[in-house]
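Chain and residue survey
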Amino acid sequence: MPTGIHHVTGITRRVQANVDFYAGFLGLRLVKRTGGFEDAEQLHLFYGDALGTPGSLVTFLVWEDGAPGRVGHGQVAEIALAVPPASIGDWLTRAMTARVPVEGPLRERGETVLRLKDPDGVIVKLVGVDLPAAAPLPDPIAPTRLRGVTILTEQPRVTRDFIARFGYRPGTAEGAVQRMESDTDTVDIRDASGFFPGIPGTGILDHVAFRAPDEDAVRRMRLALKDTDATSVHDRKYFLSLYVREPAGTLLEYATDAPGFTLDEAPENLGETLFVPPHDAARAEDLRVILPQFALPGEERHPMRDLHFIHRFHRPENPDGSTIVLLHGTGGNESDLMPLAHRIAPRATLLGVRGRSTEEGINRWFRRYDAVTYDQADIRAEAGAFAGFIDEAVRAYGLDPKALTYLGYSNGANLLGAVLQLHPGLIGHAVLLRAMQVLEEPPALQAPALAGSRVLMLTGARDPFARMAPALERALRNGGAALQARTVEAGHELLPEDVTLAAGWLGRD
């Protein structure tokens, strides 16, 4: 009967750096890429041995440019991977050469250990111990399987007793650490009394999953946990599982080995195809545009630059050389408009940008005092900053400014309208969806200030903000822009007609 750890799941804020570390530096195999089963707009990556054997798996949810979390009690604090005992010196050299932060070698419980940090700051211990891989990787010193995890808790006795439910027995205690042992790995329970609690976010380990012998075992565990916060049993396609928080707060999962990752990919092709959860099949094409792209080691890649706005590219398989710059509405992010833009122009490269202002935790492009009163100084400052970002992006990514089209919705369209007026000549082509005039004292532009700008404005007939759109239309026309303004039978929401009209205007229908 299998016991021990099934997988450990963390959260990363930079998918390419994560892939480079786990598949590149450590040499694990990417065995599956999917949309998240709880939120299909989150990419979920699974790394492991050559077949993704339970007990070898480290997985990551991708919160691209997400807020960092904080490691504290009620969390998994470290993961440990077994490597051949004679390889520790090679790993130390490899880490120093790759400039990976490394501590050690150290001796812990009779084993030689290197303590590394991944690009998000997650602690990964390499433990020199002879634990053969179920499906060996090509690199002879690659990790063979999970050696264990460390959990921080303010209630070590309670946590220890709860972990015992999953086939663990007490091992030795050293200082503040009680070791729990299965037949294959360990869970170190560290007394973190007085330490601060963990905070969810990027750079933390979200949960550890333990192995269940079969589906019946998961269902029996669910009944045994009926007086806890255990979830119902979930079908994760590749395994069946449930989640529960142990009394001190650490999130645990109980998961079956079967059916495994070869369910929908041949062993030689594991990790090559992006899958979406079956319940999200209807929007599979949209999700493949929303989810961040990355390159495996050895594949051609497009480096990302650190610029003044958070941004993301989506590059289609057969790009036509054009680029659409996307500005989301209130509460959106850099990927929100990608499905819509992809339907408008399937072969265009998409550059989604995230506004830098926030309001009660949601993204915006500039501050506001109420629904129709805006911080004028902030509009001008952010318009200038966005103009600077475009100049940076053109130089950093080798973009052709003449091949850029800007598409904004709501708050993003409002910023584009302001940029057109405050920085004439910057924007050559723009699609403004549900835009209005937000400048209280716009510059008195006269033709030909905007003679090089071509603009499509689509206003909703029932949009409560439509009354403020004509002022923007007049300002753009007075500046000499080639403006086409259309009214659609809509409110503030977007409709398929917006795609049809925008595609026609761009000459792509």
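Conventions adopted
Residues numbered from 1 in each chain as written. Predicted model: local features only at pLDDT ≥ 70, side-chain atom pairs only at ≥ 80, totals over all residues. Heavy atoms only, no water. Helix = DSSP H or I, 4+ residues; strand = E, 2+ residues; numbered from the N terminus. Rg over C-alpha atoms; globule rule 2.2 N^0.38 Å. Buried < 20%, exposed > 50% of the residue type's maximum accessible area, 1.4 Å probe, protein only. Areas by Shrake-Rupley, 256 points an atom, 1.4 Å probe, with all protein chains shown as cover. Axes fitted to C-alpha atoms, helices over the stretch in contact; angles between N-to-C directions. Parallel < 35°, antiparallel > 145°, perpendicular 65-115°, else oblique. Contact = heavy atoms within 4.5 Å. Nonpolar A, V, L, I, M, F, W, Y, C, P; charged D, E, K, R; others polar. Pairing = 2+ DSSP bridges.

Labelled according to an unreviewed UniProt entry, the chain appears under the name VOC family protein, originating from Paracoccus simplex.

Attention now goes to the overall build of the chain. Within the chain, the regular secondary structure consists of ten helices and 28 strands. For 509 residues, the compact-globule estimate of 2.2 N^0.38 gives 23 Å, and the C-alpha radius of gyration of the chain, at 26 Å, lies within 12% of that figure. Counting the 509 residues in the chain, one finds 55% classified as buried. When the accessible area of the chain is evaluated, it comes to approximately 21300 Å², of which 51% is carbon and sulfur surface.

Looking now at the packing of helix 7 (residues 376-397) against helix 8 (residues 411-422). One can describe the packing of helix 7 onto helix 8 by two numbers: an axis separation of 9 Å at closest approach and a directional angle of 80°. Taken together, the axes of helix 7 and helix 8 lie roughly perpendicular to each other. Touching Ile 379, Arg 380, Glu 382, Ala 383 and Phe 386 of helix 7 are Leu 415, Leu 416, Ala 418, Val 419 and Leu 422, all from helix 8. Residue composition of the contact of helix 7 with helix 8, by class: eight nonpolar, no polar and two charged.

All right, on to the pairing of strand 4 (residues 57-62) then. Along a regular strand, successive side chains alternate from one face of the sheet to the other. By the criterion of burial, strand 4 is predominantly enclosed, with six of the six residues buried. Alternating residues of strand 4 divide into Leu 57, Thr 59 and Leu 61 and Val 58, Phe 60 and Val 62, and every residue in both groups is buried. As paired elements, strand 1 (residues 5-12) and strand 4 share six bridges and run parallel to each other. Along strand 4, the bridge assignment pairs Gly 10 with Phe 60. Here strand 3 (residues 43-48) pairs with strand 4 via five bridges, running antiparallel. Across the sheet, the residue bridging to Leu 45 is Phe 60, located in strand 4.

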